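Take a look at the letters that make up each chain.
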Amino acid sequence: MKATATLPPCRHMLARAEIARREEFRCAKGVSEVAREARPFLDGIASRDTPGTWASMAVAAGLDHATIESLGAERISAEIAELAAWYESAGIEPRVDCAPFVHRSFLRALSAQRFVVRHYEQVFFRPLAAGAPLTPHVPTPPSLEIRIVDGDDDAMITALVEAICTGFCPLGTPPSDAELSLCRRCALHARTLPFAALLDGRCVGGGFLEQLDDLVALFALSVLPEHRRRGVQQALMAARLNHAVRVGATLATISGTPGQGTERNVRRFGFDVAYTRISLIRPGPGLVGERG
């Protein structure tokens, strides 16, 4: 699905609201391009995938205050009801992700239609500029190799996808076919580069880098449990940021659950909190939300 909005130019001293507009637009566009279905939702994009996977969400709606005010409360309410019905018809729990800069009337309309907070996510950012290459802050194994995977290398793409998905699953729980399929679509996405971490030739983790203009997003960073606490995550972080600088990116973003390991790692690389995103869902009997 092609979005029509345009992004403002990046500056080093960015207001948090501007970062949010750019990152939410990037996220909405990116998710819509890997999900199985997508449709416009107010000034954002709603995506729908296999029940239980993370790509069923509406993103970037409510940020254009002029659009929201011009539509009026009745039209906004009707759009939300139509969106909820679209998800529910597929057995999926409706989900709308909101940055803190959305119009208040949009939040009120979601609340009136029984949407409630599911979880919070912090979005971190850092400006990028040419300079000394970034390096991990902890020692890494001598045999560790960080490699950009060629999309035509099916065997390595498969190994990377399996490592990333397994790293995100609860210990002892294998990833589903739907999760593997969605991750593979991310790895092969036109604006995304897949990075693999190899130890003695075996893929033990990886992560993706998506670029839109001069903005890059780092996502899906995951390492197999038995290889954690060895500097692999930091090596993947440094490799992706260094690549972003080489291709001319000036702003990097990454998201994570507040207070978890992601925050500790990204702050070591100069990231700061840009804003906190909330995920609002409308529970219902028999509806499936994101696993975990």
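Q: How should the overall build of the protein chain be read in this particular structure?
A: Summing up its helical and strand segments, the protein chain has eight helices and eleven strands in all. Relative to a compact globule of 292 residues, whose C-alpha radius of gyration would be 19 Å, the protein chain shows 19 Å and is just as compact. If you line up the protein chain on its principal axes, its C-alpha atoms span 60 × 45 × 35 Å. Of all 292 residues assigned to the protein chain, the portion counted as buried reaches 51%. Look at the contacts in the protein chain between residues 6 or more apart in sequence, and 72% of them connect residues 24 or more apart. Roughly 13200 Å² of accessible area belongs to the protein chain as shown, and the carbon and sulfur atoms make up 53% of that amount.

Q: What am I meant to see in the environment of Ala60 here?
A: By the secondary structure assignment, Ala60 is in the loop between strand 3 (57-59) and helix 2 (65-71). Given a relative accessible area of 10%, Ala60 falls into the buried group. Remark: the alpha-carbon pair of Ala60 and Glu18, spanning 42 residues in sequence, is separated by 12 Å.

Q: How do you make sense of the pairing of strand 5 (residues 116-127) when you look at a structure like this?
A: Each regular strand carries side chains that alternate between the two faces of the sheet. Of the pairings in the sheet, the one linking strand 5 to strand 11 (residues 272-281) comprises nine bridges and is antiparallel in character. By the bridge assignment for strand 11, Val123 is matched with Tyr275. Bridge count between strand 5 and strand 10 (residues 251-256): six bridges; the pairing is antiparallel. The partner of Gln122 across the bridge, within strand 10, is Gly256.

Q: What's the story with the packing of helix 7 (residues 232-246) against helix 8 (residues 261-268) in this structure? I'm lost.
A: A packed helix pair is summarised by two numbers, namely the angle formed by the two axes and the spacing between the axes. Between helix 7 and helix 8, whose axes approach to 11 Å, the crossing angle comes to 50°. With respect to helix 8, the element helix 7 is oriented oblique. Between helix 7 and helix 8 the crossing geometry is right-handed. Note on element contacts: helix 8 touches helix 7 through Asn265, Val266 and Arg268, opposite Gln233, Gln234 and Met237. Residue composition of the contact of helix 7 with helix 8, grouped by class: two nonpolar, three polar and one charged.

Q: Please explain the pattern of salt bridges as it appears in this structure.
A: Pairing between side chains of opposite charge can happen when their charged atoms approach one another. Under the defined criterion, the tally for this structure stands at 22 salt bridges. Arg26 is the salt-bridge partner of Glu210, the closest N and O atoms lying 2.8 Å from each other. Here Arg26 lies in helix 1 (residues 16-34) and Glu210 lies in strand 8 (residues 202-212), a separation of 184 residues in the sequence. Summarising the burial analysis for this pair, Glu210 and Arg26 share the class buried. Of the charged contacts in the structure, one is a salt bridge between Arg191 and Glu210, with a shortest N-O distance of 2.8 Å. Taken together, the residues Arg191 in the loop between helix 6 (177-187) and strand 7 (192-199) and Glu210 in strand 8 connect sequence positions 19 residues apart. Via salt bridges that share partners, Glu23, Arg26, Lys29, Glu33, Arg191 and Glu210 belong to a single interconnected network.

Scoring rules and cut-offs
Residues numbered from 1 in each chain as written. Predicted model: local features only at pLDDT ≥ 70, side-chain atom pairs only at ≥ 80, totals over all residues. Heavy atoms only, no water. Helix = DSSP H or I, 4+ residues; strand = E, 2+ residues; numbered from the N terminus. Rg over C-alpha atoms; globule rule 2.2 N^0.38 Å. Buried < 20%, exposed > 50% of the residue type's maximum accessible area, 1.4 Å probe, protein only. Contact = heavy atoms within 4.5 Å. Areas by Shrake-Rupley, 256 points an atom, 1.4 Å probe, with all protein chains shown as cover. Pairing = 2+ DSSP bridges. Axes fitted to C-alpha atoms, helices over the stretch in contact; angles between N-to-C directions. Parallel < 35°, antiparallel > 145°, perpendicular 65-115°, else oblique. Left-handed = near helix turned anticlockwise from the far one by under 90°. Nonpolar A, V, L, I, M, F, W, Y, C, P; charged D, E, K, R; others polar. Salt bridge = Lys/Arg side-chain N within 4 Å of Asp/Glu carboxyl O.

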